Structure formats: C-alpha cells, structure tokens
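Fold and contact review
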Amino acid sequence: MAEKFDIEERWPELFAQLDERERWAVRQSLASAWHAGWIPNREDVENVTDHARGAIDVEEYRRRAHAAARRGVATDGR
C-alpha cells in the first residue's frame, strides 16, 4: 500500500466537477478501500467520480466495474 492517500492530487481533473459534499463522499469511499488494501488506479477513480456527479447511473457503474474486472485492470496505480 502507498504510504500516502493522495488521490485528488494524482487525478485532479476527475474531481474538478464535484462539489464539496461529493468530493468528501468520494474521498471517504476510496480511502476506505485503500485502507483495505486497494491500490488506486485512474479507471476506478474515474468511475466513482462519474457516478458521484451523476454522469453515469448505478447500472453503468456496475457494467464498467465488471468489464474492468474481466480485463484485469492494472493494480499498480496506473
């Protein structure tokens, strides 16, 4: 696990359209996963932020997550 949870610093463009409440919720959700051992990658963060701002619904979020899992998305933070 990385020593620092710097998700917004890594991909600020993904957080740009979120209001403060949405940013907080996304950070909390991702931080929880990070503490459990998840390694941040751009695709996962983009999917969560897209869902938080209403750009995709829960069905699309799940479709993307399942597609990523089938592809074996990089787990090294790329």
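Shown above is the structure to which this text applies.
Residues numbered from 1 in each chain as written. Predicted model: local features only at pLDDT ≥ 70, side-chain atom pairs only at ≥ 80, totals over all residues. Heavy atoms only, no water.

Some words on the overall build of the chain
The number of helices and strands found in the chain is five helices and zero strands. Moving toward the C terminus, one meets the helices and strands of the chain in the order α-α-α-α-α. Burial statistics for the chain: of 78 residues in total, 32% are counted as buried. When contacts within the chain are restricted to residue pairs at least 6 apart in sequence, long-range pairs at least 24 apart make up 59% of them. (Helix = DSSP H or I, 4+ residues; strand = E, 2+ residues; numbered from the N terminus. Buried < 20%, exposed > 50% of the residue type's maximum accessible area, 1.4 Å probe, protein only. Contact = heavy atoms within 4.5 Å.)

A few points about the environment of Pro 40
Within the secondary structure, Pro 40 sits in the loop between α3 (20-35) and α4 (42-52). Looking at Pro 40, the relative accessible area reads 7%, which means it is buried. Taking the C-alpha atoms as reference points, Pro 40 and Phe 5, 35 residues apart in sequence, are found 9.0 Å from one another.

Quick word on the side chain of Thr 49
Here Thr 49 shows up in helix α4. Overall, the relative accessible area of 1% leaves Thr 49 in the buried class. Discounting residues that sit within four places of it in the chain, Thr 49 has contacts with Leu 14, Phe 15, Leu 18 and Val 26.

Regarding helix α5 (residues 58-71)
Between its terminal C-alpha atoms α5 stretches 20 Å, which fits the 20 Å expected from 14 residues at 1.5 Å a residue. Listed in full, the buried residues belonging to α5 are Arg 64, Ala 67 and Ala 68. Seen from one end, α5 has its buried residues packed into an arc of 100 degrees, which puts them on one side. Residues of α5 that are exposed and angled more than 90 degrees away from the buried face: Glu 59, Ala 69 and Arg 70. Against the buried residues of α5 lie α4. The residue sitting at the N-terminus of α5 and contributing the capping side-chain oxygen is Asp 57; that oxygen lies 3.3 Å from the backbone nitrogen of Glu 59. Taken from the residues just after α5, Gly 72 is the one with a positive phi, measuring 75 degrees. (Expected span 1.5 Å × (residues − 1). Arc of directions from axis to C-beta. Polar contact = N/O pair within 3.5 Å; in protein donor to acceptor, adjacent residues only side chain to side chain.)

Here's the deal with α4
Within an α-helix, residues lying three or four positions from one another point in the same direction, as the helix has 3.6 residues per turn. Those residues of α4 that fall on the buried side of the exposure criterion are Val 45, Asn 47, Val 48, Thr 49 and Asp 50. On its buried face, α4 sits against α1 (7-10), α2 (12-15), α3 and α5. Where α4 starts, the residue carrying a side-chain oxygen 3.3 Å from the main-chain nitrogen of Glu 43 turns out to be Asn 41. At the exit of α4 stands Gly 54, carrying a positive phi of roughly 85 degrees.

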